[in-house]
Amino acid sequence: MSSFRSPALPLRSGIGLKPRHYPDVLAAVERGDAPAWAEIHPQNYFGAGGPPHRWLTAIAAHLPLSFHSVGLSLGSAAGTDPDELEALAALCARYAPAMVSDHLSWSNGPEDKFPDLLPIPYTHAALDHFAREVGRVQDRLGRTMLVENPSRYLAYAESDWSEVDFLHELCRRSGCGLLLDINNIEVSAFNLGLDPVSWLDAFDPAFVGEIHVAGHAVKDDDMGGRIAIDDHGSAVRPSCWALLERFIARAGPKPVLVEWDTDVPEFSVLMAEARAADRVLAREALDA
């Protein structure tokens, strides 16, 4: 088990940093109303230099950063992508982010990389593999990481563990923490016909180091039914806010990220969502 510790994010809301918002963030810093922190996909900054790094360096001088990786492919049979891990380690050394995370998924085959975060089976063998790979990443980075619960569209026919128990045992074995994506719980529960409230209530807040909220789409499928799509392309749904309030009431304040990755809105719209998250956190802080 790794025993490393990472610096903490502020117990406030953050935003996913998009290139179109670089000037807006720095202007907000000047006005004194910037978000408390920002999250990036580190794969977008694996190049050695250029404008992305100039902007990120300027923003990182004022805001803590969280690195939310989408490329380690921790669940691949061949193990973590070594090139991705080395590039991530170099970027961590350059920017010293407050948090690093990736997903309970795989995306690399023997000869291909897939543009999706694909599900893993919740078996004893998969847990052994995933704990080993998380430990490998943490040993290389010299820090703990968070692992995000997935959005699911189908379930494997047989499992040894529930998703929540699998993640809890992963934390115990590897020393990692959880990135609790509440929108993913809503999407998965809708698609699998389960109750999102009881699913959320099963998570142990002690393992949770960061929370994500986002919007999702619900569309007709090809079989006459409906399917929830985790597209991060709209405002956070009222039901997701209600689940966040429920969890924060039990867990206390946690860093909360507003994800909005497609159909990215104006900065003012994104900040309004972040302020809504801050209001949830502030209510709990006053009630505590």
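Residues numbered from 1 in each chain as written. Predicted model: local features only at pLDDT ≥ 70, side-chain atom pairs only at ≥ 80, totals over all residues. Heavy atoms only, no water.

Peer 1: Please clarify how the pairing of strand β12 (residues 256-259) should be interpreted in this entry.
Peer 2: In summary, the side chains of a regular strand alternate between the two faces of the sheet. Side chains of β12 alternate between two faces, with Val256 and Val258 and Leu257 and Glu259 buried alike. Here three bridges tie strand β1 (residues 13-16) to β12, and the two strands are oriented parallel to one another. Bridging across to β12, Ser13 finds its partner in Val256. The sheet contact formed by strand β9 (residues 208-214) and β12 spans four bridges and is parallel. By the bridge assignment for β12, Ile211 is matched with Val256. (Buried < 20%, exposed > 50% of the residue type's maximum accessible area, 1.4 Å probe, protein only. Helix = DSSP H or I, 4+ residues; strand = E, 2+ residues; numbered from the N terminus. Pairing = 2+ DSSP bridges.)

Peer 1: Mind showing me how you'd approach helix α4 (residues 124-141) here?
Peer 2: The terminal C-alpha atoms of α4, which comprises 18 residues, lie 26 Å apart, in line with the 26 Å expected from a rise of 1.5 Å per residue. Residues Ala126, Leu127, His129, Phe130, Ala131, Glu133, Val134, Gly135, Val137, Gln138 and Leu141 constitute the buried set of α4. On the buried face of α4, the contacting elements are α3 (82-95), β4 (99-103), β7 (146-148) and α5 (163-174). Positive backbone phi, at 70°, marks Gly142, one or two positions downstream of α4. (Expected span 1.5 Å × (residues − 1). Contact = heavy atoms within 4.5 Å.)

Peer 1: Would you take a moment to explain the packing of α3 against α4 for this structure?
Peer 2: Geometrically, a packed helix pair is captured by the angle between its two axes and the distance between the axes. Relative orientation of the contacting elements α3 and α4 amounts to 35°, with a least axis distance of 10 Å. Read as a crossing pair, α3 and α4 show a hand that is right-handed. Of the residues in α4, those in contact with Pro82, Leu85, Glu86, Leu88, Ala89 and Cys92 of α3 are Arg136, Val137, Arg140 and Leu141. Classifying every residue of the contact of α3 with α4 gives seven nonpolar, no polar and three charged. (Axes fitted to C-alpha atoms, helices over the stretch in contact; angles between N-to-C directions. Left-handed = near helix turned anticlockwise from the far one by under 90°. Nonpolar A, V, L, I, M, F, W, Y, C, P; charged D, E, K, R; others polar.)

Peer 1: I'm lost on the side chain of His216 in this one. Help?
Peer 2: Along the polypeptide, His216 turns up in the loop between β9 and β10 (217-220). When neighbours within four sequence positions are excluded, His216 is seen to be in contact with Asn183, Glu186, Val187, Ala228, Ile229, Asp230, Asp231, Ser234 and Arg237.

Peer 1: Would you explain unusual backbone geometry in this entry?
Peer 2: Of all residues except glycine, most have a negative phi; of all peptide bonds, most are trans. The phi dihedral of His232 is positive, around 50°, even though this residue is not glycine. Here His232 shows up in the loop between β11 (226-229) and α8 (238-251). Positive phi outside glycine occurs at Asp263, with the angle close to 50°.

Peer 1: Mind showing me how you'd approach the packing of aromatic side chains here?
Peer 2: We describe a pair of aromatic rings using the distance from one ring centre to the other and the angle between the two ring planes. For the structure shown, the criterion picks out two aromatic pairs. Between Tyr22 and Trp55 the ring centres are 5.4 Å apart and the planes differ by 25°, which places this aromatic pair in the stacked class. With Tyr22 in helix α1 (residues 22-31) and Trp55 in helix α2 (residues 51-60), this residue pair connects regions lying 33 residues apart in the sequence. The partly exposed category is assigned to Trp55, whose relative accessible area is 32%. (Phe/Tyr/Trp six-rings, centres within 6.5 Å; stacked < 30°, edge-to-face > 60°.)

Peer 1: Which parts of the structure should I look at to understand the pattern of salt bridges?
Peer 2: One side chain can pair with another of opposite charge once the charged atoms of both are near each other. In the structure shown here, the tally under the stated rule is eleven salt bridges. A salt bridge links Arg31 to Asp33; its shortest N-O distance comes to 3.3 Å. What makes Arg31 exposed here is its relative accessible area of 54%. Classification of Asp33 as partly exposed rests on a relative accessible area of 31%. Through salt bridges with shared partners, a single ionic network connects Asp128, Glu169, Arg172 and Arg173. (Salt bridge = Lys/Arg side-chain N within 4 Å of Asp/Glu carboxyl O.)

Peer 1: Honestly, the environment of Ala242 in this entry has me stumped. Any pointers?
Peer 2: Among the structural elements, Ala242 can be located in helix α8. Overall, Ala242 belongs to the partly exposed group, its relative accessible area being 43%.

Geometric values such as these leave the question of function open.
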